[in-house]
Amino acid sequence: MWRRLCSALRRLRGSPAALGAGGGHPPAGRGAMERAVVRCVPSEPKLSLRFVLPDGSARHMQRDQAEPLGRALSRIATNAAKGRAKAAKKSKKARAEDGPAGEPAEAPPAVRLFSRDGEAVGEEVPNAAAWQDGAVLQIGEARYRVERNAPALTELQLPRSLMAGFPVCPKVSAEFAAPQHCLFRWYREQRPGAGGEEAAAGDGPVWVEAAVAQRVFTPSNALVGLRLKLRCTPGDSAQRYGPPCEVESSGPVEAGPGACTFDSRHLYTKKVCGEDSVRTVSYNILADTYAQTEFSRTVLYPYCAPYALELDYRQNLLKKELAGYSADLICLQEVDKSVFVDSLAPALDAFGLEGLFRIKEKQHEGLATFYRRDKFSLLSRHDITFSEALLSDPLHKELCDKLATYPSVQEKVLQRSSVLQVSVLQSTTHPSRKICVANTHLYWHPKGGNIRLVQIAVALSHIRHVACDLYPSIPVIFCGDFNSTPSSGTYSFINSGSIAEDHEDWVSNGEEERCNMPLSHPFKLLSACGEPAYTNYVGGFHGCLDYIFIDRNALEVEQVIPLPSHEEVTTHQALPSVSHPSDHIALICDLKWK
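Right, let's walk through the structure included here.

The rules behind the values
Residue positions are given per chain, counted from 1 along the sequence in the order it is written. The predicted origin of the model limits local features to residues at a pLDDT of at least 70 and limits the giving and counting of side-chain atom pairs to 80 or more, whereas totals for whole chains, interfaces and linings rest on all residues. Where side-chain values are given, they derive from all heavy atoms of the structure, hydrogens and water being excluded. Secondary structure counts use DSSP, requiring at least four H or I residues in a row for a helix and at least two E residues in a row for a strand, with both numbered from the N terminus. Per-residue accessibility, obtained with a 1.4 Å probe over protein chains only, is compared with the maximum for each type, and a residue is labelled buried under 20%, exposed over 50%, and partly exposed between these values. Using a 1.4 Å probe, accessible areas were evaluated by the Shrake-Rupley method; residue-level cover was limited to the displayed protein chains. A cavity here means a set of 1 Å grid points, computed over protein atoms only, where a 1.4 Å probe fits but cannot escape. A pocket is an open set with protein on both sides within 12 Å along at least 5 of 7 lines, and lining residues have an atom within 4 Å of a point. Grid points are joined across faces, edges and corners, and a volume is the space filled by probe spheres set on the points. Each residue receives one of three labels: charged for Asp, Glu, Lys and Arg, nonpolar for Ala, Val, Leu, Ile, Met, Phe, Trp, Tyr, Cys and Pro, and polar for the others, Gly being one of them. Here, nonpolar core means buried Ala, Val, Leu, Ile, Met, Phe, Trp, Tyr and Cys residues that are tied together by side-chain atoms lying within 4.5 Å of each other. Contacts were defined at the residue level, with two residues in contact if any of their heavy atoms lie within 4.5 Å. This arc corresponds to the set of directions leading from the helix axis out to the C-beta atoms. Here the expected length of a helix is defined as 1.5 Å per residue gap, with one fewer gap than residues. Salt bridges are defined by distance alone: a side-chain nitrogen of Lys or Arg within 4 Å of a carboxyl oxygen of Asp or Glu. DSSP calls a pair of strands paired once it identifies at least 2 bridges connecting them. Lines fitted to the C-alpha atoms define the axes, with helices restricted to the stretch that makes contact. Angles between their N-to-C directions range from 0 to 180 degrees. Only the six-membered ring of Trp is used, alongside the rings of Phe and Tyr, when aromatic pairs are assigned; centres must lie within 6.5 Å, and planes under 30 degrees apart are stacked while those over 60 apart are edge-to-face, with the rest tilted. A positively charged side chain is recorded as over a ring if its NZ (Lys) or CZ (Arg) lies within 6 Å of the ring centre. The angle to the ring normal must also be within 35 degrees. Angular relationships are summarised with four words: roughly parallel below 35 degrees, roughly antiparallel beyond 145, roughly perpendicular across 65 to 115, and oblique for the angles in between. Helix crossings fall into two classes, left-handed where the near helix is turned counterclockwise from the far one by less than a right angle and right-handed where it is turned clockwise. Note that patches include only residues with greater than 30% relative accessible area and no salt bridge, and the join distances are 9 Å for like charges and 5 Å for nonpolar side chains (Val, Leu, Ile, Met, Phe, Trp, Tyr). The definition of a polar contact used here is a pair of N or O atoms within 3.5 Å, where within protein one atom must be able to donate a hydrogen and the other to accept one, and adjacent residues in sequence count solely through side-chain atom pairs.

## Things to note about the overall build of the protein chain
For step 1, the next point in the chain: Counting its secondary structure elements, the protein chain contains 14 helices and 31 strands.
For step 2, the next point in the chain: Residues classed as buried in the protein chain amount to 52% of the 594 residues present.
For step 3, the next point in the chain: Surface accessibility of the protein chain: about 26,100 Å² in total, with carbon and sulfur atoms responsible for 51%.

Spelled out as structure tokens, the structure:
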């Protein structure tokens, strides 16, 4: 980052303007000035100072924040004198002339710091207080405008895969800046021979402006075969701007797949719904850690083209799909940590969504919940791992004691790394409206119905504590991949509020793993999207496993976005495919406060 910043400082240097006579104050006219960038964070003992001397050499100094200003100025003077001496030596060598014998060393230049109102800052003032934004540093005749905690980019990346018709969402990380205040300018390569300009051999590509002021850029089919370049200038809410950075795509824009399964669904979700409604999405997006195995390629998804299982390809489809739903809440399952950090969080941030992530212990994937920033703010998080909560939280002591009488089932439950993500959100327009958003992915095995019953009992008990004890009477939205069909004990328990001790799911894996426990919960939950024929469609199985459960006393369903047609789902035999990024289908509904 330092090398990039110094390079940018050199590019932005103006010609030095001389200070007028008078010595004590800079002249009234500001004139052209260099930049002196100061980084001063209260939690760190030192501040950093970066500037470029008149001889063109970059300087990066680290000084104690409590140190008197005079010592820092003295060090700057010494550095400046050394720079002048080196420059003079190079000049003499270039002229091949010897200077007069005994020529005295050049004295260090006068170095002063002036406040914004032109007063000299006392040398006894601590560095942290002295180096204020807008102050003027004088080194000899050169002047520098101090920029304290100036906006600076720490990371700027483009996705590795670019496809025509799919949004390109850069990953932007900045210090003392925010992506929404940054300036973006997109360029495309010029095709060889186009426009009458031919790049000379070794000169690199000719770049032509493609879009201005857009954080997200969607390349057209006309750009297939061309690389892209992004120039980003970091900015903050005070309209201060730091040095720009540029990044070029590693490869060219490729052709897209044509029609996708979600295109028709986007016709229903072109706009964000009103402030009294909450568009909610639940989606198992198929973790890369599972899609990229030999078993997946040869047994689970042999019908899927290998390139369509690649992470970069699927991410292009997924980002376009999720962005097009204009959702207020998105609950995702099977989210790789790297996918959340490097792809989904930056992309959905650009569309106004804030993301929360909870990883599964022992695994590289987990759960992600996104909420629309201008509709909700986060009040608190209450995530748990089922196995840990069962053992350590007094809420579950009764269930834990019952489970202890079935050692084989208890062992299986405690081996699972399944987690529950619980977030309490508050409406930004109606602060009295709070909502408990839960997200989970239950145990997957077809014969694991008894394990899932224990997991959902822990989940509902924990949600009850949050939505009834910590935040009395707030409504619940419970999303996830429950790995349970509508005929299962888990679905019946959630939907009806109780399950009998003799339900067949208690012996789902045979008599040796029988456990009989009556369970109940206090919620009145409704499956907002009903019971679709399937939400998971692979070669060997199709069925409804995913749900958005809502508190029927506080929320009502305004609209359910239709699922893709069976013809669309089976165009390429099953899911995933070149036109659909997961083996599951997203559930989407608009909910309304009662």
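## A word on the layout of surface pockets
For step 1, the next point in the chain: The computed volume of the largest pocket comes to approximately 1,100 Å³.
For step 2, the next point in the chain: Around the largest pocket, the lining comprises 44 residues; the ones closest to its centre are His 441, Trp 444, His 445, Pro 446 and Asn 483.
For step 3, the next point in the chain: Looking at the lining of the largest pocket, the elements with two or more residues in it are α6 (294–300), α12 (449–470) and β27 (536–538).
For step 4, the next point in the chain: Looking at side-chain class alone, the lining of the largest pocket contains 13 nonpolar, 20 polar and 11 charged residues.

## A short note on the nonpolar core
For step 1, the next point in the chain: The biggest cluster of nonpolar side chains holds 44 residues, and the ones touching the most others in it are Leu 420, Ile 456, Ile 463 and Phe 478.
For step 2, the next point in the chain: The dominant element in this core, judged by the number of residues it contributes, is α12, at 11 residues.
For step 3, the next point in the chain: With residues near it in sequence (within four places) discarded, Ile 456 still touches Leu 442, Phe 478, Phe 482, Thr 490, Phe 493 and Ile 494.
For step 4, the next point in the chain: Residues Val 335, Phe 340, Tyr 537 and Ile 561 belong to the second largest nonpolar core, which totals 43 residues.

## Some points on helix α11 (residues 407–415)
Turn by turn, an α-helix covers 3.6 residues, leaving residues three or four places apart pointing in a common direction.
For step 1, the next point in the chain: Within α11, burial applies to Val 409, Gln 410 and Val 413. Relative to the axis of α11, the buried residues are bounded by an arc of 100° and lie together on one face.
For step 2, the next point in the chain: For α11, the elements touching its buried residues are α9 (386–392), α10 (397–403) and α12.

## Observations regarding helix α7 (residues 311–324)
For step 1, the next point in the chain: In this model α7 runs 20 Å from its N-terminal to its C-terminal C-alpha over 14 residues, within 8% of the 20 Å that 1.5 Å per residue would give.
For step 2, the next point in the chain: Within α7, burial applies to Leu 311, Tyr 313, Arg 314, Gln 315, Asn 316, Leu 317, Leu 318, Lys 319, Glu 321, Leu 322, Ala 323 and Gly 324.
For step 3, the next point in the chain: Summarising the contacts, the buried residues of α7 are in contact with β8 (162–163), α4 (263–266), β15 (277–284), α5 (288–291), β16 (329–336) and α8 (337–350).
For step 4, the next point in the chain: Phi turns positive, to about 50°, at Ser 326, one or two residues after α7.

## A word on the pattern of salt bridges
For step 1, the next point in the chain: Here the structure, examined in full by the defined rule, presents 32 salt bridges.
For step 2, the next point in the chain: Between Asp 328 and Lys 375 there is a salt bridge whose closest N-O contact spans 2.9 Å. Here the residue Asp 328 occupies a position in the loop between α7 and β16, and Lys 375 occupies one in the loop between β18 (365–372) and β19 (376–381), the gap between them amounting to 47 residues. We note that Asp 328, like Lys 375, is buried.
For step 3, the next point in the chain: Salt-bridge contacts for Asp 383 lead to Arg 381; the nearest nitrogen and oxygen are separated by 3.1 Å.
For step 4, the next point in the chain: A relative accessible area of 18% means that Asp 383 is categorised as buried.
For step 5, the next point in the chain: Arg 381 sits in the partly exposed class, given a relative accessible area of 38%.
For step 6, the next point in the chain: Each of Arg 215, Asp 349, Glu 354 and Arg 373 takes part in a single network of salt bridges with overlapping partners.

## A short note on the sheet that holds strand β17 (residues 353–359)
Think of a sheet as strands paired side by side through backbone hydrogen bonds, with each pair either parallel or antiparallel.
For step 1, the next point in the chain: The mixed open sheet is built from 6 strands, whose spatial order is β17-β18-β16-β15-β31-β30. A single partner strand is all that each edge strand has here, and the edge strands are β17 and β30 (555–560). On average, each strand axis in the sheet is tilted by 25° relative to the strand beside it, whichever way the strands run.
For step 2, the next point in the chain: Where β17 meets β18, 7 bridges bridge the pair, whose relative direction is antiparallel. Its bridge partner being in β18, Leu 356 is matched across the sheet by Thr 369.
For step 3, the next point in the chain: Where α8 meets the sheet, its contacts fall on β16, β17 and β18, and the angle it forms with β16 comes to roughly 155°.

## Section: the packing of aromatic side chains
For step 1, the next point in the chain: Going through the model one piece at a time under the given rule, you end up with 14 aromatic pairs.
For step 2, the next point in the chain: Ring geometry for Tyr 301 versus Tyr 303: centroids 6.5 Å apart, planes at 80°, classification edge-to-face.
For step 3, the next point in the chain: Take Tyr 301: its relative accessible area is 4%, and that puts it in the buried class.
For step 4, the next point in the chain: On the basis of relative accessible area, Tyr 303 is assigned to the buried category, the value being 16%.
For step 5, the next point in the chain: Following the ring pairs from residue to residue traces out a cluster consisting of Phe 478, Phe 482, Tyr 491, Tyr 547 and Phe 549.
For step 6, the next point in the chain: Lying over the aromatic face of Tyr 187, Lys 229 brings its terminal NZ or CZ to 5.3 Å of the ring centre.

## Let's talk about the packing of α12 against helix α13 (residues 489–496)
For step 1, the next point in the chain: Between α12 and α13, the shortest axis-to-axis distance is 9 Å and the interhelical angle comes to 25°. With respect to their mutual orientation, α12 and α13 come out roughly parallel. As for the relative orientation of α12 and α13, their crossing is right-handed in sense. Contact residues: Gly 449, Arg 452, Leu 453, Ile 456, Ala 457 and Leu 460 in α12; Gly 489, Thr 490, Phe 493 and Ile 494 in α13.

## Points about a nonpolar patch on the surface
For step 1, the next point in the chain: A cluster of nonpolar residues, Phe 295, Val 299 and Leu 300, forms a patch on the protein surface that exposes about 280 Å² of accessible area.
For step 2, the next point in the chain: Its place among the elements puts Leu 300 in helix α6.

## Brief notes about the pairing of strand β13 (residues 245–248)
For step 1, the next point in the chain: The two faces of β13 differ: Cys 245 and Val 247 on one face are buried, but Glu 246 and Glu 248 on the other face are not.
For step 2, the next point in the chain: Pairing between strand β12 (residues 228–233) and β13: 4 bridges, direction antiparallel. Bridging across to β13, Arg 231 finds its partner in Glu 246.

## A word on the side chain of Asn 450
For step 1, the next point in the chain: With respect to the element layout, Asn 450 can be found in helix α12.
For step 2, the next point in the chain: Assessed through its relative accessible area of 0%, Asn 450 is described here as buried.
For step 3, the next point in the chain: Here the side chain of Asn 450 touches Glu 513 through a polar contact of 3.2 Å, landing on its backbone oxygen.

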